[in-house]
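Structural overview
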Amino acid sequence: MAERSLRGMSIGAKSLESDEHVDFAARNDVAYVCPKGHRTILPFAEGAEVPDEWECRCGAVAHREGDENAEANEITKPTRTHWDMLLERRSMDELQALLEKRLQMHRDGWIPDYE
């Protein structure tokens, strides 16, 4: 049985065909840049419709490099933080009273220490 095995050969791991006489599909590399300065280069097929926007790895919207209209078209909206949403629901006086109540509960032993 040992005589019939192919030693030193990874069957299935490597192809025995070469890349000679293989014509790969024509591609165009398109670069996208996000407002944070990240640059992403993506290959697209030559006849494919290339999108003007691409989601960057940081989550921001990246525009095609060299697109001058991208900055003018983008309406930047400030990010709403948790604090901003909290201030929409409660006033500073309410928040101060709530903080004092929770601190008193902590002092009285209602809220345990997590050390």
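Residues numbered from 1 in each chain as written. Predicted model: local features only at pLDDT ≥ 70, side-chain atom pairs only at ≥ 80, totals over all residues. Heavy atoms only, no water.

As for a nonpolar patch on the surface
A grouping of Trp83, Leu87 and Met92 is seen on the molecular surface, where their side chains present a nonpolar patch of about 310 Å² in accessible area. Looking at the secondary structure, you find Met92 in helix 3 (residues 92-108). (Patch = residues over 30% accessible without salt bridge, like charges linked within 9 Å, V, L, I, M, F, W, Y side chains within 5 Å. Areas by Shrake-Rupley, 256 points an atom, 1.4 Å probe, with all protein chains shown as cover. Salt bridge = Lys/Arg side-chain N within 4 Å of Asp/Glu carboxyl O. Helix = DSSP H or I, 4+ residues; strand = E, 2+ residues; numbered from the N terminus.)

Here's the deal with the UniProt feature "binding site: Zn(2+)" (unreviewed entry) in the protein chain
Residues annotated by UniProt as "binding site: Zn(2+)" (unreviewed entry) correspond here to Cys34, His38, Cys56 and Cys58. For this annotated set, covering 25 residues, all C-alpha atoms fall within 8.7 Å of each other, a compact arrangement in space. When near neighbours in sequence (up to four residues on either side) are disregarded, Cys34 contacts Cys56, Cys58, Ala60, Val61 and Ala62. Mapping Cys56 onto the fold places it in the loop between strand 3 (53-55) and strand 4 (61-64). Overall, the relative accessible area of 5% leaves Cys56 in the buried class. Residues within four places of Cys56 in sequence aside, it is in contact with Cys34, His38 and Ala62. (UniProt positions renumbered as here; feature names shortened; annotations may be inferred. Contact = heavy atoms within 4.5 Å. Buried < 20%, exposed > 50% of the residue type's maximum accessible area, 1.4 Å probe, protein only.)

Focus: the packing of aromatic side chains
Geometrically, a pair of aromatic rings is defined through the distance of the ring centres and the angle of the planes. Enumeration over the complete set of coordinates arrives at two aromatic pairs. These aromatic residues form a ring-pair network of at least three members: Tyr32, Phe44 and Trp54. (Phe/Tyr/Trp six-rings, centres within 6.5 Å; stacked < 30°, edge-to-face > 60°.)

Focus on helix 3
With 17 residues, helix 3 extends 24 Å from end C-alpha to end C-alpha; this agrees with the ideal 24 Å at 1.5 Å per step. Count one or two residues on from helix 3 and you reach Gly109, which has phi positive near 95°. (Expected span 1.5 Å × (residues − 1).)

Concerning the pattern of salt bridges
Enumeration over the complete set of coordinates arrives at four salt bridges. Residue Arg80 is joined to Glu88 by a salt bridge in which the shortest nitrogen-to-oxygen separation is 3.1 Å. With a relative accessible area of 48%, Arg80 lands in the partly exposed category. Among the ionic pairs, Glu100 bridges to Arg107, the shortest N-O distance being 3.5 Å. Taking relative accessible area as the criterion, Arg107 reaches 51% and is therefore assigned exposed.

Some remarks on the pairing of strand 1 (residues 27-33)
Two elements, strand 1 and strand 2 (residues 39-45), share seven bridges in a ladder whose sense is antiparallel. Bridge assignment links Val33 to a residue of strand 2, and that residue is Arg39. Remark: five residues form the turn of the hairpin made by strand 1 and strand 2, two consecutive strands paired antiparallel; Gly37 in that turn has positive phi of roughly 95°. Note that strand 1 and strand 4 share two bridges and pair antiparallel. Its bridge partner lying in strand 4, Tyr32 is registered against Arg64. (Pairing = 2+ DSSP bridges.)

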